[in-house]
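Spelled out, the chains give:
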Amino acid sequence: MNPRLKKILLVVLAIALLAGSSTLQNSLNRDRDKLGLTYIAPLENAPPVLAFTTVALGGFRGLIANMLWARASTLQEEDKFFEMAQLADWITKLEPHFSQVWIYQAWNMAYNISVKFKDFPDRWRWVQSGIELLRDEGLRYNPNDVLIHRELAWFFQHKMGAFTDDASLYYKQQWANAMAEVFAKQKPNLDELIHPQTPDQTNRATLLREKYKMDPQFMKDVAERYGPLEWRLPEAHAIYWAARGLEEAKRNPSKVKPDDLIMLRRVIYQSMMLSFMRGRLTENPFEKVFEFGPNLDIVPKVNDSYEEMYAAEADPGQKVGILRAQRNFLRQAVYFLYVHNRMADAAKWFKYLGQKFPNQSILDSDPRALPATLTLDEYAVACVETDLNETSRDRVISMLEGLLMTSYNNMLIGEEDRATGLRLLARKAWEIYQTKVPAERQDAMGLPPLEQINRDVVTRLLDPEQGMPPEMRAVLRTKLGMPKETAPSEATPAPAAKT
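Residues numbered from 1 in each chain as written. Predicted model: local features only at pLDDT ≥ 70, side-chain atom pairs only at ≥ 80, totals over all residues. Heavy atoms only, no water.

## Regarding the overall build of the protein
Here comes step 1: Assigned secondary structure in the protein consists of 22 helices and 2 strands.
Here comes step 2: Counting every position in the protein, which comprises 499 residues, the buried fraction comes to 48%.
Here comes step 3: Of the contacts formed within the protein by residues at least 6 apart in sequence, a portion of 64% connects residues at least 24 apart.
Here comes step 4: Just so you have it, the protein exposes about 24900 Å², and 55% of that area is on carbon and sulfur atoms. (Helix = DSSP H or I, 4+ residues; strand = E, 2+ residues; numbered from the N terminus. Buried < 20%, exposed > 50% of the residue type's maximum accessible area, 1.4 Å probe, protein only. Contact = heavy atoms within 4.5 Å. Areas by Shrake-Rupley, 256 points an atom, 1.4 Å probe, with all protein chains shown as cover.)

Below you can see the structure in the form of structure tokens.
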């Protein structure tokens, strides 16, 4: 071949390769930017070690992070958790803008490592570490990352809020204690934290902002939109972080996947449902612990959240799922309202249920039970029969409270037979549920003694601020054999009737 022609061909080949590499590099740059691996602006307020690694190591950061990740996996298999946690800290410092690194390490701490420990305080420390890694560190370097917001919300909804972990009640108690410190052991008052007037209020507002990284003004906005919410419970915080994630998604639409938004919306309406089922928190003056109950005041907002999520969803399959969840919520809302003697509200939502889903059965046990074929009373009775075979702790506690509360209301109007029957039904339901819970799961899934549930109901009914009117309280005290001058907190209500 002519040497001159050969040189020309080589030059042309070099130009073609350079053009191809340039196109490939552009594609790689787009992928790096999408994954958050491209550093355009220097990190602010970064510790010296992080500033050094992100600048000095350059492209070798990824290789070093991969080596550390492999070593961390080996240490975890060997149950060397503290050494592994140190490596996890280094990995996140090497790749601070890669959200999956933060999510994986936090999940590992909260879910995989925590359950290796038998003692609940040890488990709680690892769950806290996972939450703090996402909230305090991950969002510090990725304040607009939707995935980290989604995962943080999920930790509150599932790891802390659900009952899948034997230590879940301990987690809830610890979180309630922490939030009680923020709110000075009083009913949450966000206005005093938004505009603190005293040194105590200033200190608590600082605690909320700096330790828990929460904005009281945004909390108030969330409560007005989705509440009333009980901020001492994890479901309220799941809603907060999911709503925060949706706000960040609006600011960064080009970096958001539709599936991420679906997950955030799902966290909100699922947590709203949980807030309805167990969103009322009261302190048991006898046992000195917190007790959970249904938040019936939130029913309209929960229904609104389903309507809102349905309107925002574009995927037909997801729309079907939202409607199914809304229908299940409405069926439970009608039942809870009925057994809590809120008949007008129960009738209202029973009518709405029939209008919204006229051709779907409202009883799982009878596909022919359409809304038009059952009365409200018939529906409630059928639900009680279903609950006798129920295995949901929250649902059963709500049902027991409702039966006892309705029993006392019937007692006041002279319907003694019905009142006694409801208490007997409550006793039977309690016994059936307890026999279905395995002995090794009693701590996590078992019910409090029925006498304790009964005391809590009577205490709420006799509460001068939120209970019955004065004349009704006086009659109830008389029927229960309590002296007129006895304060509700000092009363010892009669135990529920036994079979």
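## Examining the side chain of glutamine 332
Here comes step 1: Position of glutamine 332 relative to the elements: it lies in helix α15 (residues 316-339).
Here comes step 2: Under the relative-accessibility criterion, glutamine 332 is labelled buried at 16%.
Here comes step 3: Among residues more than four places away in sequence, those in contact with glutamine 332 are Met273, Phe276, Met277, Tyr379 and Arg395.

## Digging into the packing of aromatic side chains
Here comes step 1: Scanning the entire structure with this criterion turns up 19 aromatic pairs.
Here comes step 2: Taken together, a centroid distance of 5.8 Å and an interplanar angle of 35° make the contact between phenylalanine 350 and tyrosine 379 tilted. Linking phenylalanine 350 in helix α16 (residues 343-356) with tyrosine 379 in helix α17 (residues 376-387), this pair joins segments that are 29 residues apart in sequence.
Here comes step 3: Taking the ring centre of phenylalanine 218 as reference, the NZ or CZ of arginine 244 above it sits at 4.6 Å.
Here comes step 4: In this structure, lysine 319 packs its charged tip against the face of tyrosine 310, placed 4.0 Å from the ring centre. (Phe/Tyr/Trp six-rings, centres within 6.5 Å; stacked < 30°, edge-to-face > 60°. Lys NZ or Arg CZ within 6 Å of the ring centre and 35° of its normal.)

## Describing the pattern of salt bridges
Here comes step 1: One pass over the full model with this rule turns up 24 salt bridges.
Here comes step 2: The salt bridge involving aspartate 136 is made with lysine 213; its shortest N-O contact spans 3.8 Å. Here lysine 213 lies in the loop between α10 (199-211) and α11 (216-226) and aspartate 136 lies in helix α6 (residues 120-141), a separation of 77 residues in the sequence.
Here comes step 3: Judged by its relative accessible area of 19%, aspartate 136 falls in the buried class.
Here comes step 4: Counted as one network, the salt bridges with shared partners bring together Arg123, Lys159 and Asp165. (Salt bridge = Lys/Arg side-chain N within 4 Å of Asp/Glu carboxyl O.)

## Things to note about the packing of α15 against α16
Here comes step 1: Running from N to C, α15 and α16 cross one another at 155°; their axes reach a closest spacing of 8 Å. With respect to α16, the element α15 is oriented roughly antiparallel. Relative to α16, the crossing made by α15 is left-handed. Only Met343, Asp345, Ala346, Trp349, Phe350, Tyr352, Leu353 and Lys356 of α16 make contact with α15, whose side of the interface consists of Leu323, Gln326, Arg327, Leu330, Arg331, Val334, Leu337 and Tyr338.
Here comes step 2: Split into classes, the residues belonging to the contact of α15 with α16 amount to 11 nonpolar, 1 polar and 4 charged. (Axes fitted to C-alpha atoms, helices over the stretch in contact; angles between N-to-C directions. Parallel < 35°, antiparallel > 145°, perpendicular 65-115°, else oblique. Left-handed = near helix turned anticlockwise from the far one by under 90°. Nonpolar A, V, L, I, M, F, W, Y, C, P; charged D, E, K, R; others polar.)

## Structural notes on the nonpolar core
Here comes step 1: Ranked by internal contacts, the top residues of the largest apolar core, which has 129 residues, are Trp231, Phe276, Phe329, Tyr379, Leu400 and Leu476.
Here comes step 2: The contact partners of leucine 476, leaving out residues within four places of it in the chain, are Tyr408, Met411, Leu412, Leu461, Leu462 and Met468. (Core = buried A, V, L, I, M, F, W, Y, C linked by side-chain atoms within 4.5 Å.)

## Observations concerning the packing of α6 against helix α8 (residues 168-182)
Here comes step 1: Contact pair α6 / α8: the axes reach a minimum separation of 10 Å and the direction vectors enclose 60°. Between α6 and α8, the crossing angle belongs to the class labelled oblique. The crossing of α6 and α8 is right-handed. Between α6 and α8, the residues in contact are Phe120, Pro121, Arg123, Trp124, Val127 and Arg135 and Tyr170, Tyr171, Gln174 and Trp175, respectively.
Here comes step 2: A class-by-class count of the residues in the contact of α6 with α8 yields 7 nonpolar, 1 polar and 2 charged.

## A few points about the environment of methionine 343
Here comes step 1: Tracing the backbone shows methionine 343 in helix α16.
Here comes step 2: A relative accessible area of 32% places methionine 343 in the partly exposed class.
Here comes step 3: Separated by 34 residues in the primary sequence, methionine 343 and aspartate 377 place their C-alpha atoms 10.0 Å from one another.
Here comes step 4: The residues contacting methionine 343, other than those within four sequence positions of it, are Tyr338 and Leu376.

## Comments concerning the confidence of the model for the protein
Here comes step 1: Overall, the prediction assigns the protein a mean pLDDT of 80, with 81% of residues at 70 or greater.
Here comes step 2: Taken element by element, the predicted model of the protein shows its lowest mean pLDDT in helix α2 (residues 48-56) (56) and its highest in α10 (94).
Here comes step 3: A low-confidence stretch, residues 38-46 (pLDDT under 50), is modelled with 16 contacts involving residues beyond four sequence positions or located in other chains.
Here comes step 4: A low-confidence stretch, residues 488-499 (pLDDT under 50), is modelled with 29 contacts involving residues beyond four sequence positions or located in other chains. (pLDDT = per-residue confidence, 0-100.)

## A short note on α15
Here comes step 1: Over its 24 residues, α15 runs 35 Å from end to end, which matches the ideal 34 Å to within 8%, given 1.5 Å per residue.
Here comes step 2: A distance of 2.9 Å separates the backbone nitrogen of glycine 317 from a side-chain oxygen at the start of α15, and that oxygen is part of aspartate 315. (Expected span 1.5 Å × (residues − 1). Polar contact = N/O pair within 3.5 Å; in protein donor to acceptor, adjacent residues only side chain to side chain.)

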